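Here is what each chain is made of, one letter per residue.
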Amino acid sequence: MSPTLISPTVLIVGAGPVGSVLALTLLKNGINVRIVDKEGPQVGQKGLGIQPRTLEMHRFLGTLPDILSIAKKMPICTLYKLPGGTEPLRIFELDPYEEPTPDTPYLNLTMLGQHRQQSILHRHLEKHGCKVEFFSELRSFEQFDGHVLATLVTKDSNGQDIPEIIKVSYLVGTDGAHSTVRKALGLTFLGDVRDDVNMVVGDIEIHGGLDHKSWHNWGEISSKSQLVPSEVDDNVFTFIISGKEIDHAKTASGRDELVKTITSITDRKDIEFGKLVWISNYRPSIRMVNKFGDGRVFVAGDAAHVHSPAGGQGTNSGVQDSFNLGWKLALVLKGFSPPSLLETYTEERLPVIAAMLNKSTLLLNQYFRDGKDWKRGKEFKQLGVNYRGSSALVDETVDLTKDRIQLDPYGITLNGVIHAGDRAPEAPGLQVLHSGESSTATASLFDLFKPDHHTVLIFGSVSNFKEIASELSAYPKTLFKTVFIFPALTTSESEQSASGTQPSGVDLVLRDSNGHAYRAYSSLLGSCNIVIVRPDGVVGAIVGGVAGLRRYVDGVFATVK
């Protein structure tokens, strides 16, 4: 069988949220992709919490309005007295509401089932002419110097296998914990299965007896039952049953045994159960790869790391894998960056995932060993996830190699001081002075950050941005959006420039009318007043002039100039 030509450029194996985010990131960069999945569309909620950092990612991808149109905030939790099971013993919040701020507009966990997340992403893929190929399985692949040969098998209408060999530039496995791609690459997947933790999980319809306003909880550490309503009023509830006194295998054997167990734990006869959607007898595995790829093949999401559900980190960590890899892969495929840039995918994500496994395992132990609630620290919002140890960064304000600066790759920014490798803050309400056309509109930084370009923010003197613009003019215009930001109270020199014509080489001139940008980036506004934000919304460089800018750009775009 003869292979097809190198089209698509990238084959993605696995069409859940992780693979779909990667596909959409590449498509927005003009990269042709093919995304396949050996199963059909996902059934059931599974991993329904979307953390704030992931909401920011959806903002950059343009998918956030669709997410928020159906997602709901996390409800309260109600623990009922036993026997009886109807009178509240305690009402509490797992994730207490936090008021958003100008620099952090998304501070609260949002609930949306994975199947609905996946559906939204697939619709956006179709807008770019990419349709997921369900029931198409990767059987094998072979790497060569300049390409990968992959063998796919699909079923025809009669159930017969139809093999196909395709030739692609890169292959990415987002195909779950039992990843074909990871196994074929020979990556280690060290860790263990928690034999001391057993849960029966799944979705079931409930047509009466429970409202949709709360997570309903019964029991103690020996036998617990939790029923979680979906974000849409469709009578579907997620169940989580655990405890040493539970016969997990028997409970997971079918609907009737499940209902008996729930009724026994809750002491409730009034709950009207309907159809069982899906069920699993689950023991968490805690494992991760030794590296995120080899040659022209990479892994992301559960194909690279698996862990307990505690803390709601799974899908969120996986899509952040994809967002980190996507823009780098696009630059390499376009010939703008050397393949060595892809080595920073493992370099940046491996420490983050190792920290995540430690934190989520600690939370799991608190719940199952100590009987405590799954109350999460702020780090689980992922807003403090950083890549300060990466070799792809430039920061002229500090030595990033020092331990006190790197700290925790999963931690909150120390004392509000931003360094290269950190999340870039938002700043809304910026007055547009020049944008290439007459405009009196306002803008926000998050509306400027996109997965297909770097954003160069210049705070400071007029002469500074002229130097920077001149330097960047040597590079393809599509790689950068250059933005000059005046403070709210401008000097006469700045005011004169602002009222004049559009400065050459600058895409956007803004005034920080409300002071949000200068406050969010206040720690940088000394001699180092240039901030380069990567396509994934991470600060790539903090520099004071052309020399520092050149160091960062030459490191990422070494083959361009």
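Residues numbered from 1 in each chain as written. Predicted model: local features only at pLDDT ≥ 70, side-chain atom pairs only at ≥ 80, totals over all residues. Heavy atoms only, no water.

Along the chain, the regular secondary structure elements total 15 helices and 30 strands. In the chain, buried positions account for 58% of the 561 residues. The long-range share in the chain, meaning contacts at least 24 apart out of those at least 6 apart in sequence, stands at 71%. Looking at the chain as shown, the accessible area adds up to about 22,700 Å², and 50% of this sits on carbon and sulfur atoms. (Helix = DSSP H or I, 4+ residues; strand = E, 2+ residues; numbered from the N terminus. Buried < 20%, exposed > 50% of the residue type's maximum accessible area, 1.4 Å probe, protein only. Contact = heavy atoms within 4.5 Å. Areas by Shrake-Rupley, 256 points an atom, 1.4 Å probe, with all protein chains shown as cover.)

This part takes up the nonpolar core. Counting 131 residues, the largest nonpolar core has Leu171, Leu457 and Tyr521 as its most contacted members. A total of eight residues in this core trace back to one element, the largest contributor, which is helix α8 (residues 314-333). The residues touching leucine 457, leaving out its near neighbours within four places in the chain, are Leu445, Phe449, Val483, Ile485, Tyr521, Asn529, Ile530, Val531 and Val533. By size, the runner-up hydrophobic cluster in this structure holds 18 residues, among which are Val200, Phe237, Ile241 and Ala252. (Core = buried A, V, L, I, M, F, W, Y, C linked by side-chain atoms within 4.5 Å.)

Adjacent strands of a sheet form backbone hydrogen bonds with each other and so pair up, either parallel or antiparallel. A sheet is described by the order of its strands in space; here three strands give the open sequence β3-β7-β4, paired in antiparallel fashion. Two strands in the sheet have a free side with no partner beyond their single neighbour: β3 (49-50) and β4 (72-73). Pairing between β4 and strand β7 (residues 110-111): two bridges, direction antiparallel. What sits directly across from lysine 72, in β7, is methionine 111. (Pairing = 2+ DSSP bridges.)

Among the five residues of strand β19 (residues 285-289), four are classified as buried, and the element is accordingly described as predominantly covered. Two strands pair when backbone bridges link them, and strand β13 (residues 189-193) and β19 are joined in this way by five bridges, in the antiparallel orientation. Following the sheet pairing, aspartate 192 is matched in β19 by isoleucine 286. Direction of pairing for β19 relative to strand β22 (residues 305-306): antiparallel, over a ladder of two bridges. Residue methionine 288 lies in a different strand from β22, and its bridge partner there is histidine 305.

On to the pattern of salt bridges, then. Counted according to the given criterion, the structure contains 28 salt bridges. Across the pair aspartate 447 and arginine 59 runs a salt bridge, and its minimum N-O distance is 3.0 Å. Pair noted here: aspartate 447 is in helix α11 (residues 445-448) and arginine 59 is in helix α2 (residues 52-61), with a separation of 388 residues, a long-range link. What makes arginine 59 buried here is its relative accessible area of 19%. The shortest N-O distance in the salt bridge between arginine 268 and aspartate 270 comes to 2.7 Å. A relative accessible area of 6% means that arginine 268 is categorised as buried. Connected through salt bridges with shared partners, the residues Asp95, Glu98, Lys378 and Lys381 form a single ionic network. (Salt bridge = Lys/Arg side-chain N within 4 Å of Asp/Glu carboxyl O.)

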